Amino acid sequence: MELTRRHVIAAGAGALLARPAWAQFPAHLDHDIRATLAQAGIPGAAVGYAREGRVRFVRGYGYADLATRRPVTPDTVFAIASITKTITAAAILRLAGQGRLTLDDPVAAHLDFPVVNPHHPDAAITLRHLLTHTSGISDEKYYAVDFRHRGGDTPLALRDMLVGYLVPGGTYYDANGCYAAAAPGEAWDYSNVGFALLGYVAGRVGGFDARMAIRQFLMAPLGLRHSYWTLGEVPPALAATPYEDGKPVATMGFPDWSAGMLQSSVADFTRYIAACANDGAAEGAAEGVRVLPAGTMGQMLTRQPAPNLPTWLSGQGLGWMLGPLDGTDRWEHWGGAEGIFTVAYLDPEHRQGVTILTNATATDTAKAAVKKVAARLLRQGPDL
């Protein structure tokens, strides 16, 4: 749906982090970012850049809420949407590094309910299949059901959703809508339900809700202050209002939290991106925090078998994807829903990454603007 609004991005919203190396951040670059986002009709955006494990730049542009003209700041909380999947993937890789599972385990070995593709009952669905969107678990019925709960957090539990969707006789079960005709490993097919299942597996193997585990091994060490798993936790004064066609839309809660429910600020989320771009180590609550074992990000950022990729991708990793940006392939993940559009890019070779969070529905114009900003920061960042 094409945006019709042309809200001006505020010139003064947001502030640089207190990093001496960035005290002289070029005014012309700041101006260009602001203008690019404004021309795309994005009400509000937060931009972050990290290099060598440190957050170098975070800034807010435009408005978190148009009615009150509340500006976006580095602490404004946005829905991260599907970039959440990269955190879920990290939780699974961490468990693999502890020897508690292997990526080629059949997912059924870690569940308390059956998961079998009825079209290929003898073909095991593995954790690697889930991480690479090649499991054969289809989102076709997922979109038909529409699990979104408008205006607040959903009362539907993750396990209830999964059993209802994946198990014959379940409330939402449809052999052809819940499972693809392709066998596991035969075709790439983006699957929110697959990542919902990974979140449940992480909790089963870890012994308690994986959201709490992620708080312990990732959020707390990195010193994340404004990152939340539910809408009810977000302070109203910090929440970004989502917009579509210039009109506010309701916030949405959904049961598959591990596929896209994280709410976070750019000041927080860029710390996570810093770690991802720096082999799992970043500046956090203490100096030299390592949130993932050395080499884990290398595994995640390695091309995996993924037949029939869409044309907008050039590769699939474990959670992360590879796509074109500024004439080269970059590791990336995007997220989106009504009033939500987010992107993250990694350049592990130069240990740098970018994240951009917006409170607008994605359009072709918004996508082009966000990619332009990300490309410029990755191109110029090391020289600033």
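Here is what the cut-offs are and how they apply
- Residues numbered from 1 in each chain as written.
- Predicted model: local features only at pLDDT ≥ 70, side-chain atom pairs only at ≥ 80, totals over all residues.
- Heavy atoms only, no water.
- Core = buried A, V, L, I, M, F, W, Y, C linked by side-chain atoms within 4.5 Å.
- Buried < 20%, exposed > 50% of the residue type's maximum accessible area, 1.4 Å probe, protein only.
- Helix = DSSP H or I, 4+ residues; strand = E, 2+ residues; numbered from the N terminus.
- Contact = heavy atoms within 4.5 Å.
- Pairing = 2+ DSSP bridges.
- Axes fitted to C-alpha atoms, helices over the stretch in contact; angles between N-to-C directions.
- Parallel < 35°, antiparallel > 145°, perpendicular 65-115°, else oblique.
- Left-handed = near helix turned anticlockwise from the far one by under 90°.
- Nonpolar A, V, L, I, M, F, W, Y, C, P; charged D, E, K, R; others polar.
- Salt bridge = Lys/Arg side-chain N within 4 Å of Asp/Glu carboxyl O.
- pLDDT = per-residue confidence, 0-100.
- Phe/Tyr/Trp six-rings, centres within 6.5 Å; stacked < 30°, edge-to-face > 60°.

*Asks:* Explain the nonpolar core here, please?
*Replies:* A general tendency of soluble globular proteins is for nonpolar side chains to be buried together. The biggest cluster of nonpolar side chains holds 84 residues, and the ones touching the most others in it are Leu166, Leu197 and Trp320. Examining the composition of this core, we find that nine residues originate from one element, helix α7 (residues 192-206), more than from any other. Excluding residues that lie within four positions of it along the chain, Leu197 makes contacts with Val107, Leu111, Phe113, Val115, Leu130, Ile137, Leu162 and Leu166.

*Asks:* Mind showing me how you'd approach the sheet that holds strand β10 (residues 263-265) here?
*Replies:* Sheet strands pair via backbone hydrogen bonds, and the direction of the pair is either parallel or antiparallel. With respect to topology, three strands assemble into an open sheet ordered β4-β10-β6, the strand pairing being antiparallel. Both outer strands of the open sheet, β4 (77-79) and β6 (227-228), are each paired with one neighbouring strand and no more. Relative to β10, β4 runs antiparallel, the two sharing three bridges. From the neighbouring strand, Val77 faces β10, where its bridge partner is Ser265. Contacts between helix α10 (residues 266-277) and the sheet are confined to β6 and β10, with β10 contributing the most and set at about 95° to the helix.

*Asks:* How do you make sense of the packing of helix α5 (residues 158-166) against α7 when you look at a structure like this?
*Replies:* Helix packing geometry: the angle between the two helix axes and the distance between the axes. Two numbers describe how α5 lies on α7: the axes approach to 10 Å, and their chain directions differ by 130°. For the element pair α5 / α7, the angle class is oblique. As for how α5 packs across α7, the hand of that crossing is left-handed. For the pair formed by α5 and α7, the contact residues are Leu158, Arg159, Met161, Leu162, Tyr165 and Leu166 on the first element and Val193, Ala196, Leu197, Gly199 and Tyr200 on the second. Here the residues of the contact of α5 with α7 sort into nine nonpolar, one polar and one charged.

*Asks:* Please clarify how the pairing of strand β14 (residues 321-325) should be interpreted in this entry.
*Replies:* Looking down a regular strand, the side chains alternate between one sheet face and the other. With respect to burial, β14 is a largely interior element, four of its five residues being buried. As defined by bridge partners, strand β13 (residues 315-316) adjoins β14 across two bridges and the pair is classed as antiparallel. Across the sheet, Gly315 pairs through a bridge with Leu322, a residue of β14. Examined bridge by bridge, β14 and strand β15 (residues 328-337) share five bridges and lie antiparallel to one another. By the bridge assignment, Leu322 is partnered in β15 with Trp331. Between β14 and β15, which pair antiparallel and follow one another directly, the connecting turn spans two residues, one of which, Asp326, has a positive phi of 60°.

*Asks:* Please explain the pattern of salt bridges as it appears in this structure.
*Replies:* Where side chains of opposite charge bring their charged atoms close, a pairing between them can arise. Applying the stated criterion to the full structure yields 17 salt bridges. The partner of Arg128 in a salt bridge is Asp104, with the nearest N and O atoms 2.8 Å apart. Note that Arg128 is positioned in helix α3 (residues 127-131) and Asp104 in the loop between α2 (84-97) and α3, a separation of 24 residues in sequence. Taking relative accessible area as the criterion, Arg128 reaches 24% and is therefore assigned partly exposed. Where salt bridges share partners, they join Asp146, Arg148, Arg150 and Glu338 into one cluster.

*Asks:* I tried to follow the confidence of the model for the protein chain on my own but got confused; where do I start?
*Replies:* The predicted coordinates should not be examined in detail at positions where pLDDT is low. Looking at the protein chain as a whole, its pLDDT mean stands at 92, while 93% of the residues score no less than 70. Taken together, the stretch residues 1-23 has pLDDT below 50 and engages in 73 contacts with residues farther than four places along the chain or on a different chain.

*Asks:* What am I meant to see in unusual backbone geometry here?
*Replies:* Phi is mostly negative for residues that are not glycine, and the peptide bonds are mostly trans. Phi is positive for Asp245, close to 55°, though the residue is something other than glycine. Mapping Asp245 onto the fold places it in the loop between β7 (243-244) and β8 (247-248). Since its relative accessible area comes to 23%, Asp245 is described here as partly exposed. Look at Arg351: it is not a glycine, yet its phi comes out positive at around 55°. Structurally, the position occupied by Arg351 is in the loop between β16 (340-347) and β17 (352-358).

*Asks:* I'm lost on the packing of aromatic side chains in this one. Help?
*Replies:* Aromatic ring pairs are reported here in terms of the distance separating the ring centres and the angle at which the planes meet. With the rule as written, the count across this model stands at eleven aromatic pairs. Arranged with centres 6.4 Å apart and planes meeting at 55°, the rings of Phe147 and Tyr165 form a pair that is tilted. In this pair, Phe147 sits in the loop between α4 (140-145) and β5 (149-150) while Tyr165 sits in helix α5, placing the two residues 18 residues apart along the sequence. Across the pair, exposure class does not vary: Phe147 and Tyr165 are buried alike. Put simply, the rings of Tyr142, Tyr143, Phe147, Tyr165 and Tyr172 pair up and form one aromatic cluster.

*Asks:* Sorry if this is basic, but what is going on with the sheet that holds β16 here?
*Replies:* Read from one edge to the other, the open sheet built from eight strands follows the order β3-β2-β1-β17-β16-β15-β14-β13, with strand pairing classed as antiparallel. Each of the sheet's edge strands pairs with one partner strand only, and the pair in question is β3 (70-71) and β13. Across the sheet, helix α1 (residues 27-39) touches β1 (44-51) and β2 (54-65), and the angle it forms with β2 is around 40°. The strands touched by helix α12 (residues 364-380) are β1, β14, β15, β16 and β17; relative to β17, the strand with the most contacts, the crossing angle is about 150°.

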